[in-house]
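# A look at the structure
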Amino acid sequence: MPATTSGRAATSGRAITSGRRAERPTNDALYDSLRDAITRREFPPGARLPETELAVRFGVSRAQIREVFALLEERGLIARIPNRGARVIRLSHPEIIELFDVREVLEGLCVRLATRNLPPDSWQDLVDLFDGPMERDVRERDFDAYLAKLSLFRRRTIDAAGSALLSDMLDRIHDRTRIFIYRMVLLPGRAEQGLEEHRRTLAAMRRADADEAEALKRENIRSARAMFERYAAHLT
């Protein structure tokens, strides 16, 4: 199967791709679609987002596009410049490294809380999923499927952590990091390494070892940071 990098398989399913439907899309659905277009680099860093063209494309008013632009700006994905319109944010190398450092702490905490809050056997379905099915995704280079399963792990641990504040912080960071996460998975050996790191994390969660699960998740983010620094010139 050919490698794919679209983030659509990993979203909530609300995303839309055209304005040909009878019902006008909600702001949430429109947000998902524009966020995914940015992630897929349909609008790369620094690119202008044409308000009128997007309104026609999605079958909505320019006012609704502006409302969604405000959400994207609030999430740190775009910047609206007076008299120049909206442009996709271009993160600097130090900003990306800072995001990795914050992710390490917050995602480690999230896994710790999730492990403490749920019975160990709650994670067995993910242990199984990250075994045969996800190994097949990596082998066949089906990165949409691979990323969808990572997204499931992420959502399950966030929900199990039971912290609305932590959930909001992680969602905001995830929105900002999606654009290079989907490119990083194509790097040599990264998918295999990430899979093995998540397997070890899930094994610790299955043993109810919250300390080890947190340590392993933090190690996973550190290895992603190291990979980013090695290939930064190709990712930004």
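Residues numbered from 1 in each chain as written. Predicted model: local features only at pLDDT ≥ 70, side-chain atom pairs only at ≥ 80, totals over all residues. Heavy atoms only, no water.

### Regarding the pairing of strand 3 (residues 85–88)
Selection criterion: The pairing criterion for strands is at least two bridges between them, as found by DSSP. In this text, helices come from DSSP runs of H or I with a minimum length of four residues, and strands from runs of E with a minimum of two, each type numbered from the N-terminal end.
By the bridge criterion, 2 bridges tie strand 1 (residues 48–49) to strand 3 in an arrangement that is antiparallel. What sits directly across from Leu-49, in strand 3, is Ala-86. Pairing of strand 2 (residues 78–81) with strand 3, which is carried by 4 bridges, proceeds in the antiparallel orientation. The partner of Ala-79 across the bridge, within strand 3, is Arg-87. Between strand 2 and strand 3, which pair antiparallel one after the other, the connecting turn spans 3 residues, and Asn-83 there sits at a positive phi close to 70 degrees.

### Points about the sheet that holds strand 1
The condition is simple: Residues are treated as being in contact if the distance between any of their heavy atoms lies within 4.5 Å. Only the stretch in contact is used when a helix axis is fitted, and all axes are lines through C-alpha atoms; the angle between N-to-C directions ranges over 0 to 180 degrees.
Spatially, 1-3-2 is the arrangement adopted by the 3 strands of the open sheet, whose pairing is antiparallel. Of all strands in the sheet, those with a lone pairing partner are strand 1 and strand 2, marking the two edges. Sheet strands touched by helix 3 (residues 62–74): strand 1, strand 2 and strand 3. Its angle to strand 2, the strand with the most contacts, is close to 120 degrees.

### Quick look at the packing of aromatic side chains
The condition that has to hold: The aromatic pairing rule takes the rings of Phe, Tyr and Trp, using the six-membered ring of Trp, and pairs them if the centres are within 6.5 Å, calling planes under 30 degrees apart stacked, those over 60 edge-to-face and the rest tilted. Only protein chains enter the accessibility calculation, which uses a 1.4 Å probe; a residue is then buried when its area is under 20% of its type maximum, exposed when over 50%, and partly exposed in between.
Tallied over the entire structure, the rule returns 4 aromatic pairs. Seen from their ring centres, Phe-180 and Phe-228 are 5.7 Å apart, and the 45 degrees between their planes marks the pair as tilted. One end of the pair, Phe-180, is in helix 8 (residues 164–184); the other, Phe-228, is in helix 10 (residues 210–235), and 48 residues separate them in sequence. Phe-228 matches Phe-180 in its accessibility class, with the two residues each being buried. Taken together, Phe-100, Phe-180 and Phe-228 form an aromatic cluster joined through their ring pairs.

### Regarding the packing of helix 1 (residues 27–39) against helix 8
The following threshold applies: We call two directions roughly parallel when the angle between them is under 35 degrees, roughly antiparallel when it is over 145, roughly perpendicular when it lies between 65 and 115, and oblique otherwise. Three classes are used, and their members are as follows: Ala, Val, Leu, Ile, Met, Phe, Trp, Tyr, Cys and Pro are nonpolar, Asp, Glu, Lys and Arg are charged, and the others, Gly among them, are polar.
Interhelical geometry of helix 1 versus helix 8 gives an angle of 40 degrees and a closest axis separation of 8 Å. The orientation of helix 1 relative to helix 8 falls into the category oblique. Where helix 1 abuts helix 8, its residues Tyr-31, Arg-35, Asp-36, Ile-38 and Thr-39 lie against Asp-175, Arg-178, Ile-179 and Tyr-182. Split by residue class, the contact of helix 1 with helix 8 holds 4 nonpolar, 1 polar and 4 charged.

### Details of the packing of helix 6 (residues 132–139) against helix 9 (residues 190–206)
The angle between the axes and the distance between the axes are what describe a pair of packed helices. Convention followed: Should the near helix be turned anticlockwise from the far one by less than a right angle, the crossing is left-handed, and should it be turned clockwise, the crossing is right-handed.
For the pair helix 6 and helix 9, the least separation of the axes is 10 Å and the interaxial angle reads 170 degrees. In terms of orientation, helix 6 and helix 9 fall into the roughly antiparallel class. Considering only the axes of helix 6 and helix 9, their crossing is right-handed. Of helix 9, the residues touching helix 6 (which contributes Met-134, Glu-135 and Val-138) are Ala-191, Glu-192, Leu-195 and Arg-199.

### Here we look at helix 8
For clarity, the cut-off: Here, expected helix span is obtained from the residue count minus one, scaled by 1.5 Å. A residue's bend is simply the angle between two axes: one fitted to the seven residues ending at it, one to the seven starting at it.
An ideal rise of 1.5 Å per residue puts 30 Å on 21 residues; helix 8 measures up with 28 Å between its terminal C-alpha atoms. Roughly 55 degrees is the biggest bend found in helix 8, and it falls at Thr-177.

### Describing the side chain of Thr-39
With respect to the element layout, Thr-39 can be found in helix 1. Beyond its immediate stretch of four places on either side in the chain, Thr-39 contacts Arg-178, Ile-179 and Tyr-182.

### Section: the environment of Asp-168
In this fold, Asp-168 is placed in helix 8. Owing to a relative accessible area of 32%, Asp-168 belongs among the partly exposed residues under this scheme. Spatially, the C-alpha atoms of Asp-168 and Ile-158 are 9.6 Å apart, while their sequence positions differ by 10 residues.

### Re the nonpolar core
This is how it is decided: We define a nonpolar core as any set of buried Ala, Val, Leu, Ile, Met, Phe, Trp, Tyr and Cys residues linked to one another through side-chain atoms lying within 4.5 Å.
Residues Phe-69 and Met-184 are the most contacted members of the largest nonpolar core, which totals 43 residues. Those elements that provide at least two residues to this core are helix 1, helix 2 (51–58), helix 3, strand 3, helix 4 (93–117), helix 7 (143–161), helix 8 and helix 10. Those residues in contact with Phe-69, other than ones at most four positions away along the chain, are Leu-34, Leu-49, Glu-51, Leu-54, Ile-78, Arg-80 and Ala-86. Counting 23 residues, the second-largest nonpolar core is a separate cluster that includes Phe-143, Leu-147, Leu-202 and Met-205.

### So, the pattern of salt bridges
Using the following cut-off: Salt bridge, as used here, is a side-chain nitrogen of Lys or Arg placed within 4 Å of a carboxyl oxygen of Asp or Glu.
The final tally for this structure, using the stated rule, is 32 salt bridges. The shortest N-O distance in the salt bridge between Arg-35 and Asp-175 comes to 3.5 Å. Of this pair, Arg-35 sits in helix 1 while Asp-175 sits in helix 8, and the two are 140 residues apart along the sequence. The salt bridge partner of Asp-211 is Arg-112, with a shortest N-O separation of 2.7 Å. With Asp-211 in helix 10 and Arg-112 in helix 4, this residue pair connects regions lying 99 residues apart in the sequence.

Coordinates in, geometry out; function isn't part of it.
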